[in-house]
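This is what each chain is made of:
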Amino acid sequence: MTFYEELQLSSTGSKALIKNTTDPKEKRRHILIYNFKVYLVMAFCFVFVTLFSMLFGSDNSVAGVVFLLALLVLRQADFGIRTSHGLICIAGIFTLLITGPRLANTLPAPASLLVNFISILLLMILGCHNVIMYNQSTFVLGYLLLYGYDVTGRAYLLRVLGLLVSMMVCMLVFYKNQKKRPYRRSFPDLFREFNLKSARSQWYLSLTWIVCSAMFIMQLLSLPRAMWAGIACMSVCLPFPEDSKDRTWKRGVFNILGCGIFLVLYNTLPAWLYPYIGVIGGIGVGYSAGYSWQTVFNTFGALSIAGSLFGVKTAIALRIGTNVAGALYVFLSWQILSRLLPWIFCEKDHTSLAISSK
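Residues numbered from 1 in each chain as written. Predicted model: local features only at pLDDT ≥ 70, side-chain atom pairs only at ≥ 80, totals over all residues. Heavy atoms only, no water.

S.K.: Hey, could you run me through the overall build of the chain in this one?
M.R.: A count of helices and strands for the chain gives 15 helices and 0 strands. Rg of the C-alpha trace for the chain: 20 Å, near the compact-globule value of 21 Å for 358 residues, within the 12% margin. The principal-axis extent of the C-alpha atoms belonging to the chain is close to 55 × 50 × 45 Å. Relative to its 358 residues, the chain shows a buried fraction of 47%. Taking the intrachain contacts of the chain between residues at least 6 apart in sequence as the baseline, contacts between residues at least 24 apart amount to 75%. Within the structure as shown, the chain displays about 17,200 Å² of accessible surface, and the carbon and sulfur contribution to it stands at 69%. Where the 31 positive side-chain charges of the chain centre and where its 14 negative ones centre are 4 Å apart. (Helix = DSSP H or I, 4+ residues; strand = E, 2+ residues; numbered from the N terminus. Rg over C-alpha atoms; globule rule 2.2 N^0.38 Å. Buried < 20%, exposed > 50% of the residue type's maximum accessible area, 1.4 Å probe, protein only. Contact = heavy atoms within 4.5 Å. Areas by Shrake-Rupley, 256 points an atom, 1.4 Å probe, with all protein chains shown as cover. Lys, Arg positive; Asp, Glu negative; His and termini not counted. Charge placed at Lys NZ, Arg CZ, Asp CG, Glu CD.)

S.K.: Honestly, the environment of Ile-18 in this entry has me stumped. Any pointers?
M.R.: Inspection of the secondary structure puts Ile-18 in helix H2 (residues 11-20). Between the C-alpha atoms of Ile-18 and Ala-199, which are 181 residues apart in sequence, the distance is 39 Å.

S.K.: Explain unusual backbone geometry here, please?
M.R.: Outside of glycine, negative phi angles account for most residues, and trans bonds account for most peptide bonds. Notably, Ser-222 is not glycine yet its phi reads approximately 60°, a positive angle. Note on placement: Ser-222 falls in the loop between helix H10 (199-220) and helix H11 (226-236). Since its relative accessible area comes to 64%, Ser-222 is described here as exposed. The backbone of Arg-225 sits at a positive phi, close to 60°, despite the residue not being glycine. Positionally, Arg-225 belongs in the loop between H10 and H11.

S.K.: Just to check I follow, could you spell out the environment of Lys-27 for this structure?
M.R.: With respect to the helices, strands and loops of the structure, Lys-27 is situated in helix H3 (residues 24-56). Under the relative-accessibility criterion, Lys-27 is labelled partly exposed at 25%. The sequence separation of Lys-27 and Tyr-143 amounts to 116 residues, and the corresponding C-alpha distance is 41 Å. Not counting residues up to four positions away in its chain, the partners in contact with Lys-27 are Ile-18, Lys-19 and Thr-21.

Take a look at the structure:
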């Protein structure tokens, strides 16, 4: 395996390669490449988001994160339809990212719930026809981040411009990498195949309702960081019930662990290093092959920002509360939905919800 090929491996792939290598010299080489990759990716992400912020304003750094996440996904994943029609999906996704979060933030809670529901459901239909690709974890996450870090006035105009530029770049990269895919399905098929009797469509509706209603409850309670509850629900609400059950307890337990480690770092490190705790979290995510430790390290960046707004103790309490409550909310919702919509929860293998490659 070449140096470049090793750089393309996921953390899981790199760790498996290191574990299965018996030659000490080769093992050291793989370890060095793995460490280099982690710091290279972290540096690239930092520079990428920094440049985006310089161009479109520091208030729009989160839009740079959304751009980066979409770009990393679209360079490899597709939408299960003709590549030229996939460009329409990208245009639709970015249109929703531009309009949905801003509109939802201007409306009272019931109307905001409706806007979020329609927007996220459309994101699911446009971006997640093949559920095994888990594209929803990128596009819905992007929507929730933009919703949570809303801007107005000139900052919003710059956000629109930044996201339009992001859309064009994503289209170019997507078409270049996916143009040879031999799909027969077209853009209208995404909507024709939306069927209330299908497990996939039922999952679309279930995830959308759970995420939106969780944020709606946060709004009614006048609690900040409603997006944290939405992200927690989205992360746990998987298309396969057994996977979802496994993540339910992990989301709560490992968020608590992450908050505990963050608190230790905050009380141990000198104050001038506080802004870099989020960077430590990013490096930790790079080394994490599984959901559990990714959850732990993802708390660092979120708490670094929230701590400056609400105070560290309040931010930690809010982080734990929203994630534990969000995970439990998904679990209870699944129990209710399993009785109302039992065909979702019948035993299926992973391929039963996916589409063919033609």
